[in-house]
Amino acid sequence: MEFETLELKKEGHLAWIILNRPERLNSINGKLLEELQRALTELEADRKVKVLLITGKGKAFCAGADITQFTELNPTEAWKFAKMGREVMTRIENLMKPVIAVINGYALGGGLELALACDIRIASEEAQLGLPEINLGIFPGFGGTQRLTKLVGKGRAVEIMMTGDRIGAKDAEKMGLVNRVVPGSALQEEATKLAEKIAKKSAVALALIKEVVNRGVDAPLQSGLAMESIGWGVAFSTEDKQEGVKAFLEKREPNFKDR
Ligand SMILES: C=C(C)C(=O)SCCNC(=O)CCNC(=O)[C@H](O)C(C)(C)COP(=O)(O)OP(=O)(O)OC[C@H]1O[C@@H](n2cnc3c(N)ncnc32)[C@H](O)[C@@H]1OP(=O)(O)O
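Residues numbered from 1 in each chain as written. Predicted model: local features only at pLDDT ≥ 70, side-chain atom pairs only at ≥ 80, totals over all residues. Heavy atoms only, no water.

As recorded by an unreviewed UniProt entry, the protein carries the name Enoyl-CoA hydratase/carnithine racemase and is attributed to Metallosphaera yellowstonensis MK1.

In structure tokens:
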């Protein structure tokens, strides 16, 4: 499948989406949103792909929405653009496979919001993160007001949104905004190692973790706990559960078949 604004690479059980508008710091225009949707449709259907990694080409992960478009959009078109962005981010969040944001540089505005929709964030030491929309007289429109608040707490989130300040990777790690920080030269290798470790697990159990955690975040505790028990029952119906328990008892590595 041909793409203009991104590259889609598959290596064994891993797939990489590489945002590919480096001359515009991988900023997000309508075409990129449409191509992300297309890439996600392909990856969703590909049973061989167990973990998705998203990164950017050049010095940025993604510098947010393409600001050059903003002079042309009327309010209705702006609403439509924000809705398209929201739908892509939500689709990544709900993808039935783990998604890792590999933050190689700037992750700003919609770029940070893209990273926030992923399950795990790993960043290079050089990365800078932030929601600078306030400097344009607007505010985050691809889910940042909600997802950042849930991840780092309201006090930190509103400060990030209200100042528009950029945060260095180490500070982002301290507040739980990224899971870990590694030197830029090691980023791809570390992210691959992490993805390969996860790809060895049962795809069904991984999908159940995503579903129960994501739905639970929005639900009252007792409802979340109930979803966990029900999901746990579902996990017991899989061949992978038989294999996992058998492998433990036989003192060997499990060989999961994702069913
Ligand atoms: C969802 C929503 C609402 C949003 O995301 S709104 C957008 C939020 N993002 C931003 O405000 C970030 C805007 N970008 C910047 O502040 C600066 O480019 C950074 C990221 C600090 C990097 O600065 P520098 O390293 O000096 O690189 P810089 O020369 O600015 O960028 C390279 C090119 O990319 C362009 N560019 C960078 N970010 C862009 C963006 N978000 N949209 C369109 N073009 C962008 C930039 O204009 C420049 O183009 P040109 O070579 O034609 O001058």
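Structure shown, so let's carry the discussion forward.
(A) Here's a closer look at the overall build of the protein. Helix and strand content of the protein: 10 helices and 10 strands. Expressed as a percentage of its 259 residues, the buried residues of the protein come to 44%. Expressed as a percentage of contacts within the protein between residues at least 6 apart in sequence, the contacts between residues at least 24 apart total 70%. By element, 56% of the accessible surface of the protein is carried by carbon and sulfur atoms, the whole surface being about 13600 Å². (Helix = DSSP H or I, 4+ residues; strand = E, 2+ residues; numbered from the N terminus. Buried < 20%, exposed > 50% of the residue type's maximum accessible area, 1.4 Å probe, protein only. Contact = heavy atoms within 4.5 Å. Areas by Shrake-Rupley, 256 points an atom, 1.4 Å probe, with all protein chains shown as cover.)

(B) Molecular detail of a nonpolar patch on the surface. There is a patch of nonpolar side chains on the surface, built from Ile 67, Leu 136 and Ile 138 and spanning about 250 Å² of accessible area. Locating Leu 136 in the fold gives a position in the loop between strand 8 (128-130) and helix 4 (144-152). A residue is classified by how much of its surface remains accessible, and Leu 136, at 43% relative accessible area, is partly exposed. (Patch = residues over 30% accessible without salt bridge, like charges linked within 9 Å, V, L, I, M, F, W, Y side chains within 5 Å. Salt bridge = Lys/Arg side-chain N within 4 Å of Asp/Glu carboxyl O.)

(C) Seen up close, the sheet that holds strand 8. Read from one edge of the open sheet, four strands run 4-6-8-9, paired in mixed fashion. Looking at strand neighbours, the two that pair on one side only are strand 4 (60-62) and strand 9 (167-168), the edges of this open sheet. Here strand 6 (residues 106-108) runs beside strand 8; their pairing, made up of two bridges, is parallel. Each bridged residue has a counterpart across the sheet, and for Ala 107 the counterpart in strand 8 is Leu 129. In this fold helix 3 (residues 110-117) packs onto strand 4, strand 6 and strand 8, with an angle of close to 90° to the strand it touches most, strand 6. (Pairing = 2+ DSSP bridges. Axes fitted to C-alpha atoms, helices over the stretch in contact; angles between N-to-C directions.)

(D) Up close: the packing of helix 2 (residues 75-94) against helix 3. Packing of helix 2 against helix 3 brings their axes to within 8 Å, and their N-to-C directions diverge by 25°. In terms of their interaxial angle, helix 2 and helix 3 are classed as roughly parallel. Note on element contacts: helix 3 touches helix 2 through Gly 110, Glu 113, Leu 114 and Ala 117, opposite Met 89, Ile 92 and Glu 93. (Parallel < 35°, antiparallel > 145°, perpendicular 65-115°, else oblique.)

(E) Examining the domain arrangement of the protein more closely. In terms of domains, the protein is made up of domain 1 (6-199) and domain 2 (203-249). Put simply, the middle of domain 1 and the middle of domain 2, counted by C-alpha atoms, are 27 Å apart. Contact residues are listed per partner, giving 12 residues for domain 1 and eight residues for domain 2. When the two sides are added together, the surface that domain 1 and domain 2 hide from each other amounts to roughly 720 Å², 52% of it contributed by carbon and sulfur. The tally of links between domain 1 and domain 2 comes to two salt bridges. For Asp 119, the salt bridge identified is with Lys 210, shortest N-O distance 2.9 Å. Applying the counting rule to domain 1 against domain 2 returns eight residue pairs in polar contact (both at pLDDT 80 or more). With three residues, helix 2 is the single largest residue contributor to the side of domain 1 that touches domain 2. (Domains from an automatic or database assignment. Buried area = accessible area lost by both parts, 1.4 Å probe. Polar contact = N/O pair within 3.5 Å; in protein donor to acceptor, adjacent residues only side chain to side chain.)

(F) How the structure looks around the pairing of strand 1 (residues 6-11). The sheet contact formed by strand 1 and strand 2 (residues 14-19) spans six bridges and is antiparallel. Looking at strand 2, one finds that Leu 8 is bridged to Ile 17. Counting the residues that bridge the hairpin from strand 1 to strand 2 gives two residues, and of these Gly 12 lies at a positive phi of roughly 60°.

(G) Representation of the packing of aromatic side chains in the model. Overall, the coordinates contain two aromatic pairs when judged by the stated rule. When the centroid spacing of 4.8 Å and the interplanar angle of 40° are considered together, the rings of Trp 232 and Phe 236 count as tilted. A residue is classified by how much of its surface remains accessible, and Trp 232, at 56% relative accessible area, is exposed. When its relative accessible area of 44% is taken as the criterion, Phe 236 is described as partly exposed. (Phe/Tyr/Trp six-rings, centres within 6.5 Å; stacked < 30°, edge-to-face > 60°.)

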